[in-house]
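# Working through the structure, step by step
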Amino acid sequence: MSARGEIMEKQRRILSGKGNGFGLVKGVAVREEEQTAAILKRSVDDVLSERLRWEKATLFVKSQIEEQFTKATDASNNDEAGILTAHLALLEDPTLVESVSDAITEERCCAEWALRSQTEKICGMLKKSNNPVIRERTLDICDLSAQLMKALTNIETDPDPYRNSPARDGKRDISGSPDNCILIKDTLYPSDVIHFDFARYHGIIVAHGSWTTHSSILARSKSIPMAILDHGDEMGYIEDGLDLILDADEGSVTLSPAPEDYVSFEARVKKNEEAMKLFAHLKNCPMITNSGRKILFEANISGPDDLPSVIQSGAQGVGLFRTEFLYYNQSSLPGEDRQYQIYLEVLQAMRGLPVTFRTFDIGGDKQVPGLNLPKEANPFLGYRAVRIALAEPELFKTQIRAILRAAAGLPVRIMFPMISTIEELERVKAAVWESQRELQSEGTPCSEQIKLGMMVEIPAAAVLADDFAQRCDFFSIGTNDLVQYTMACDRMNEKVQNLYRIDNPAVLQLIKNVAEAAHRHGIEVAICGEAASNIDMIPAWLDYGIDVLSMSPSVLPKIQVSCYQLGLIRKENSRN
């Protein structure tokens, strides 16, 4: 290539990808490369000392994670605390820690080499699994391995291994970089997001990954603009220090932007600001569709820490309150009184707006201390959610009693996940009525008329929607799993992403059937999966007569404004 050609290659280029919807940012690229490539196999004479060095490193990293976990718990950051719990569990699992010790002894090698070789071996096996949850664990293991490697590198010379390291918090020293950096990573680890420096970084660009990884979930919960490239090999075009514009709405990345790109950027930013001003006028206003049907915009949340963002978003209720954080973030199973206090806090904060509590969706990929859940080859199709509730009636009753007590005199709905048969639905409903009778006989105030519904996320339930609708007060369609189960494609497998499409005719037909069945029997139907905030699909949802769109509170204002600007909805008292 000529010199002129090389210059042209470094000029303006647009990379395509998928964004998380958190706007546009501009900045300077800061690449973070993996640090394991230079590790060489070094023989050691004193195996015992080397094993001791490895033990010190594991203890140090464990103490760091425990400290982070305490901070996350104190801040009620349930997503972060849950991920840190998983990392602590990995440190206690002999699969990694003991295998490194054994390798040091058997090969008489340095701990760094043993850690690297065992990490590659374990991750290689996990990547071959047909189980998407098991494959996803490779990110957590690699993340933990990187932290252990950092500790090993400095453990001999410093009681605080990160003090003299270029990256105390898992990032390289960028003290000489501008304050408007964009983090560039081939693979994003949870610790990258946990330690995200908002004062320095404005966004994240990732070569490989999916939106269901721990890293992506954390970035979304922290409202960090992020894009995952469609073609990871194009990451090579992003050089350290290159000027960028990251469009997390469209998922595009502009390299070496031209002056007109910055003009467009400022115009888009201004447009977003104007949209937020419009939202101030729409906030808390009843909205209807063009056909005159009422449409509600509600929020999906994972714990009480999300409540401020729910209130700020103007959500007309909580369409999905995920209760499992109470189980997998703790060292023991939560009691009735503790659950009651948390549920009551949520209900009081919502000031009379409806709240839908989904009963615990644990099991399989969500291990819980205190429950000896079996390891399964395919946890997405295994012992989880309502199946555990029916097998552990006392555990289920504890949660139901807590919700009923908190709901006394307040608008509350209980939603059951993973329902696949009429028998399951009838049994969980019976457990609710039994708990209600117990509370009444005890003289304990509780909800007298609570609404009971189910998530429609299994094709069997969608096919028999008419039968289920006769026995429910409402439906909520969980599109994430419904697409996965209908198309028999792993939503976390990049190789079959072309099949994981909400607009597949088979999926759309099931959703339409569910909506029609709900309306035939006079019950409300919501969409609470990622598709609820897909602006391209919302016209179809409104055409099907969906009553509620429940989504992350961080994207709710933008989606409501977009629907209004596109003429899909209007104020209830408006004639236009």
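Residues numbered from 1 in each chain as written. Predicted model: local features only at pLDDT ≥ 70, side-chain atom pairs only at ≥ 80, totals over all residues. Heavy atoms only, no water.

### Quick notes on the pattern of salt bridges
With the rule as written, the count across this model stands at 31 salt bridges. Across the salt bridge formed by D247 and R268, the nearest N and O atoms sit 3.1 Å from each other. On the criterion of sequence distance, the pair formed by D247 in strand β7 (residues 243–247) and R268 in helix α9 (residues 259–282) is long-range, its members being 21 residues apart. A relative accessible area of 25% places R268 in the partly exposed class. By sharing partners, the salt bridges in this structure join E336, D337, K397, R401, R405, E434, E438 and E442 into a single network. (Salt bridge = Lys/Arg side-chain N within 4 Å of Asp/Glu carboxyl O. Helix = DSSP H or I, 4+ residues; strand = E, 2+ residues; numbered from the N terminus. Buried < 20%, exposed > 50% of the residue type's maximum accessible area, 1.4 Å probe, protein only.)

### Structural notes on empty space enclosed by the protein
The full count for this structure, using the stated rule, is 1 cavity of 30 Å³ or more. What lines the largest cavity is E298, G319, T356, R413, F474, F475, S476, E524, A526 and V548. For the lining of the largest cavity, the elements supplying multiple residues, two or more each, are β15 (474–477) and β16 (524–527). Top element by residues in the lining of the largest cavity is β15. It accounts for 3 residues. Across the lining of the largest cavity, the residue classes tally to 4 nonpolar, 3 polar and 3 charged. (1 Å grid on protein atoms, 1.4 Å probe; cavity = no way out; pocket = protein on both sides within 12 Å on 5 of 7 lines; lining within 4 Å. Points joined across faces, edges and corners; volume = space filled by probe spheres on them. Nonpolar A, V, L, I, M, F, W, Y, C, P; charged D, E, K, R; others polar.)

### Notes on the nonpolar core
What tends to happen in soluble globular proteins is that the nonpolar side chains get buried as a cluster. Core analysis: the biggest nonpolar cluster contains 102 residues, and F475, W541 and L549 have the highest contact counts within it. The element that contributes the greatest number of residues to this core is helix α19 (residues 505–520), accounting for 8 residues. C109, C110, L126 and I141 belong to the second largest nonpolar core, which has 49 residues in total. (Core = buried A, V, L, I, M, F, W, Y, C linked by side-chain atoms within 4.5 Å.)

### Focus: the confidence of the model for the chain
Of all residues in the chain, 88% have pLDDT values of 70 or greater, and the mean over the chain is 86. In this model, residues 1–9 is a region of pLDDT below 50 whose contacts with residues beyond four sequence positions or in other chains number 3 contacts. This stretch, residues 156–175, has a pLDDT under 50; its non-local contacts, to residues over four places away or in other chains, come to 42 contacts. (pLDDT = per-residue confidence, 0-100. Contact = heavy atoms within 4.5 Å.)

### A short note on the packing of aromatic side chains
Enumeration over the complete set of coordinates arrives at 8 aromatic pairs. An angle of 40° between the planes, with centres 5.7 Å apart, marks the rings of F196 and Y201 as tilted. For F196, a relative accessible area of 7% puts it in the buried group. Through successive ring pairs, a cluster of aromatic residues spans F321, F325, Y343 and F357. Here the guanidinium or amino end of R13 rests over the ring plane of Y237, the centre of that ring lying 3.6 Å away. A cation over an aromatic ring shows up here: R405 above the ring of Y340, its NZ or CZ 4.2 Å from the ring centre. (Phe/Tyr/Trp six-rings, centres within 6.5 Å; stacked < 30°, edge-to-face > 60°. Lys NZ or Arg CZ within 6 Å of the ring centre and 35° of its normal.)

### A look at unusual backbone geometry
Backbone geometry places N284, a non-glycine residue, at a positive phi of 70°. Mapped onto the secondary structure, N284 falls in the loop between α9 and β9 (287–289). A residue is classified by how much of its surface remains accessible, and N284, at 57% relative accessible area, is exposed. Even without being a glycine, R351 presents a positive backbone phi close to 50°. Tracing the backbone shows R351 in the loop between α12 (336–350) and β12 (355–358).

### As for the environment of H214
Looking at where H214 falls in the secondary structure, it is placed in helix α8 (residues 214–221). The spacing of H214 and Y189 is 25 residues in sequence and 7.9 Å in space, taken between C-alpha atoms.

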